[in-house]
Amino acid sequence: MPREFEDIVRRHSAMVYRLAFSRLRNAADAEDVCQTVFLRLHSAAPTFTDAEHERAWLLRTTVNCCTDLHRSAWKRRAELTDAVPDAGREDPRSDDAARALQDSELGRALGRLPDKMRLIVHLHYYEGFSTEEIARLVHCAPATVRSRLSRARTQLGKMLGK
């Protein structure tokens, strides 16, 4: 499994990190969640039916780890600032486009969306999932996903003055 595990980490670490950062808005927490997700993968050693199953497992585990971090006593008590990866630091999981979005007016507006909406927007627009796929990942009806996407677009339009 070591070689297969390394391949999975290499293929999906950027996706896991982006989703964690999107949910947590903190680089250090996103890195912690990323490590936790891959530790769980290594410990559980699940058998995947195909690449889509592998990707869905990683995304669902990332969402669960982010939720666990939000619920933790440490997170409730600690006053952590929103950290952004240092501009000069080599970080293979972040790219210039992600940083530019985060620093943009749209990125700040996305950060103000409720978690459930931000997750669905991220999965749909940044990871390319259909509403049906997102519904399976977040355990809700496809109509709920479409409704949240519509509401998110409306809220973003209001925030951005459009």
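Here, residues in each chain are numbered from 1, in the same order as that chain's written sequence. The predicted nature of this model means local features are confined to residues of pLDDT at least 70 and side-chain atom pairs, given and counted, to a pLDDT of 80 or more, with totals for whole chains, interfaces and linings taken over all residues. Here the side-chain values reflect all heavy atoms present in the structure, with hydrogen atoms and water set aside.

**Student:** So what about the packing of helix 3 (residues 51–71) against helix 8 (residues 131–138)? Which residues, and what values?
**Tutor:** Axis lines are fitted through C-alpha atoms, for helices just across the contact stretch, and the angle between N-to-C directions can take any value from 0 to 180 degrees. In DSSP terms, a helix is any run of H or I states spanning at least four residues, a strand is any run of E spanning at least two, and both are numbered starting from the N terminus. In the contact formed by helix 3 and helix 8, the axes pass within 10 Å of each other and the chain directions differ by 55 degrees. The angle between the axes of helix 3 and helix 8 places the two elements in the oblique class. By crossing handedness, the relation of helix 3 to helix 8 is classed as right-handed. Contacts between helix 3 and helix 8 involve E52, A56, L59 and R60 from the first element and E133, L137 and V138 from the second. Note that Gly is not counted as nonpolar here; it falls among the polar residues with everything else outside the nonpolar set of Ala, Val, Leu, Ile, Met, Phe, Trp, Tyr, Cys and Pro and the charged set of Asp, Glu, Lys and Arg. Across the contact of helix 3 with helix 8, the residue classes tally to four nonpolar, no polar and three charged. Between 65 and 115 degrees an angle is taken as roughly perpendicular, under 35 as roughly parallel, over 145 as roughly antiparallel, and anywhere else as oblique. Helix crossings are classified by the rotation of the near helix relative to the far one: an anticlockwise turn of less than a right angle makes the crossing left-handed, while a clockwise turn makes it right-handed. When checking whether two residues touch, look at their non-hydrogen atoms; a contact exists if any pair is within 4.5 Å.

**Student:** Kindly report on the layout of surface pockets, identifying the contributing residues and their values.
**Tutor:** A cavity here means a set of 1 Å grid points, computed over protein atoms only, where a 1.4 Å probe fits but cannot escape. A pocket is an open set with protein on both sides within 12 Å along at least 5 of 7 lines, and lining residues have an atom within 4 Å of a point. Grid points are joined across faces, edges and corners, and a volume is the space filled by probe spheres set on the points. For the second largest pocket, the calculated volume is near 170 Å³. Around the second largest pocket sit R23, R60, V63, T67, K116, L119, V138, C140 and R148, which together line it. For the lining of the second largest pocket, the secondary-structure elements that each account for two or more residues are helix 3 and helix 7 (115–126). Ranked by residue count, the leading element in the lining of the second largest pocket is helix 3, at three residues. When the residues that make up the lining of the second largest pocket are grouped by side-chain class, the tally is four nonpolar, one polar and four charged.

**Student:** Outline the packing of aromatic side chains, listing residues and values.
**Tutor:** Here a Phe, Tyr or Trp ring, Trp counted by its six-membered ring, pairs with any other such ring whose centre lies within 6.5 Å, and the pair is stacked when the planes are under 30 degrees apart, edge-to-face when over 60, and tilted otherwise. In total, this model carries two aromatic pairs according to the counting rule given. Summarising the aromatic geometry, the rings of Y17 and F21 are spaced 6.2 Å apart at their centres and angled 20 degrees between planes, so their arrangement reads as stacked. Of the two residues, Y17 and F21 are both situated in helix 1 (residues 2–24); the distance of four residues between them amounts to about one turn of the helix. An angle of 65 degrees between the planes, with centres 6.0 Å apart, marks the rings of F48 and W57 as edge-to-face.

**Student:** Hey, could you go over a nonpolar patch on the surface for me, with residue numbers and the actual values?
**Tutor:** Judged by side-chain polarity, L106, Y125 and Y126 come together as a nonpolar surface patch covering roughly 290 Å² of accessible area. Among the structural elements, L106 can be located in helix 6 (residues 105–112). Residue L106 is classed as partly exposed on the basis of its relative accessible area of 34%. Distance thresholds for patches are 9 Å for like charges and 5 Å for nonpolar side chains (Val, Leu, Ile, Met, Phe, Trp, Tyr), applied to residues having over 30% relative accessible area and no salt bridge. The Shrake-Rupley method, run with a 1.4 Å probe, gives the accessible areas here. Residue values count only the displayed protein chains as cover. Take a side-chain nitrogen of Lys or Arg and a carboxyl oxygen of Asp or Glu: if they are within 4 Å of each other, that pair is a salt bridge. Buried, partly exposed and exposed residues are distinguished by accessible area as a fraction of the type maximum, computed with a 1.4 Å probe on protein chains only: under 20%, between the cut-offs, and over 50%, respectively.

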